[in-house]
Amino acid sequence: MAIAYIGLGSNLGDRFAYLQTALQKLKKLPHTTVVGVSRIYETPPLGVRHQPAFLNAVAKLQTTLTPTDLLEHLKAIERQLGRPEHYARWSARVIDLDILLYDDLVMQLTHLTIPHPELTRRKFAMQPLLDLADPIHPLLKQPISNLLEHTEDTSTVAALHQMLQL
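Here the structure is a predicted model, which is why all the values come from computation and not from measurement.

(A) Quick peek at the layout of surface pockets. Its volume calculated, the largest pocket comes out at about 1100 Å³. Elements that contribute at least two residues to the lining of the largest pocket include exactly β1 (2-10), β4 (54-63), α2 (67-80), β5 (96-102) and α3 (123-132). With 6 residues, α2 is the single largest residue contributor to the lining of the largest pocket. Residue composition of the lining of the largest pocket, by class: 20 nonpolar, 10 polar and 12 charged.

(B) Expanded view of α3. Among the residues making up α3, those that are buried are F124, A125, M126, P128 and L129. Contact partners of the buried residues in α3: β1, β3 (41-43), β4, β5 and α4 (144-149).

(C) Fine view of the environment of L97. As for its placement among the helices and strands, L97 is situated in strand β5. We classify L97 as buried; its relative accessible area is 1%. Separated by 26 residues in the primary sequence, L97 and L71 place their C-alpha atoms 8.8 Å from one another. When residues no more than four places from it in sequence are discounted, the contact partners of L97 are I6, G7, L8, A22, L74, I77 and E78.

(D) Focus on the packing of helix α1 (residues 15-27) against α2. Contact pair α1 / α2: the axes reach a minimum separation of 10 Å and the direction vectors enclose 140 degrees. In terms of their interaxial angle, α1 and α2 are classed as oblique. Seen along the crossing, α1 lies across α2 with a hand that is right-handed. For the pair α1 and α2, contact is made by A22, K25 and L26 and by L74, I77 and Q80, respectively. For the contact of α1 with α2, a count of residues per class yields 4 nonpolar, 1 polar and 1 charged.

(E) The environment of L46, seen in detail. Relative to the elements of secondary structure, L46 occurs in the loop between β3 and β4. Along the sequence, L46 and L97 sit 51 residues apart, while their C-alpha atoms lie 16 Å from each other. The residues touching L46, leaving out its near neighbours within four places in the chain, are Q51, W90, R122 and F124.

(F) Region of interest: unusual backbone geometry. Geometrically, the link from I114 to P115 is a cis peptide bond, its omega value of 0 degrees lying close to zero. With respect to the helices and strands, P115 occurs in the loop between β7 (113-114) and α3. The phi dihedral of H31 is positive, around 55 degrees, even though this residue is not glycine. Mapped onto the elements of the fold, H31 is located in the loop between α1 and β2 (32-37). Non-glycine residue D103 carries a positive phi angle of around 50 degrees. Positionally, D103 belongs in the loop between β5 and β6 (107-108). Residue classification places D103 among the partly exposed residues on the basis of a relative accessible area of 38%.

(G) A look at the nonpolar core. Membership of the largest hydrophobic core comes to 31 residues, with the highest contact counts inside it found for I6, L26, L70, L97 and I99. Broken down by secondary-structure element, the contributors of at least two residues to this core are β1, α1, β2, β4, α2 and β5. With residues near it in sequence (within four places) discarded, L70 still touches A4, I6, L29, L61, L65, I99 and Y102. Core analysis: the next-biggest nonpolar cluster, separate from the first, contains 12 residues, V58, L101, A125 and L129 among them.

Parameters at a glance
- Residue positions are given per chain, counting from 1 as you read along its sequence in written order.
- Local features in a predicted model are, by the rule used here, given only for residues with pLDDT of at least 70; side-chain atom pairs are given and counted only at 80 or more, and totals for whole chains, interfaces and linings are based on all residues.
- In computing side-chain values, all of the structure's heavy atoms are included and hydrogens and water are not.
- Both site types are read off a 1 Å grid over the protein atoms alone. A 1.4 Å probe that fits but cannot get out defines a cavity, while an open set with protein on both sides within 12 Å along at least five of seven lines defines a pocket; lining residues have an atom within 4 Å of a point.
- Grid points are joined across faces, edges and corners, and a volume is the space filled by probe spheres set on the points.
- To qualify as a helix, a DSSP run of H or I must reach at least 4 residues; to qualify as a strand, a run of E must reach at least 2; elements of each kind are numbered from the N terminus.
- Three classes are used: nonpolar for Ala, Val, Leu, Ile, Met, Phe, Trp, Tyr, Cys and Pro, charged for Asp, Glu, Lys and Arg, and polar for all others, with Gly counted as polar.
- Think of it in three bands: with a 1.4 Å probe and only protein chains considered, a residue is buried below 20% of the maximum accessible area for its type, exposed above 50%, and partly exposed in between.
- The contact criterion used throughout is that any non-hydrogen atoms of two residues lie within 4.5 Å.
- An axis is simply a line fitted to the C-alpha atoms; with a helix, the fit covers only the stretch in contact. Between two such axes, the angle follows the N-to-C directions and lies from 0 to 180 degrees.
- Oblique is the label for any angle not under 35 degrees, not over 145, and not in the 65 to 115 range, which are roughly parallel, roughly antiparallel and roughly perpendicular in turn.
- Crossings are sorted by hand: turned counterclockwise from the far helix by less than a right angle, the near helix makes the crossing left-handed, and turned clockwise it makes it right-handed.
- We define the nonpolar core as a collection of buried residues of types Ala, Val, Leu, Ile, Met, Phe, Trp, Tyr and Cys that are connected through side-chain atoms lying within 4.5 Å of one another.

The following block contains the structure:
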């Protein structure tokens, strides 16, 4: 079984409910077990600044799904929760699900890059990832904790007291 880390984010509507519902849907994926979930963090938006703050978390999965099959399932969950199939980059969204890491795999397809190409520039992805583990970035050969220490991202990432229920 592979270990995959999935970033979850929401900045529209009941953000917490969208994260919780997405997590419940991740638990129902075939050949997949959710083995952990980070704390929830509130973060400012990147790119388009005039939109609500995000809630972010990371889920740790054990799965036999291939990365492309996993991505298809994540996109289906996004659509089920109301996210349009096509959307503007950096736009507000009810849910965002991203494969951050998939074991130590390095792959680049037109529709999927692993590790996530923005991971090391996003505190809101690295900080919750560290709640679960400190994996080695497969391209940079450094632990995520070291990459977080040296990131150029200066945004504030605040942990909330609310927790997602596994």
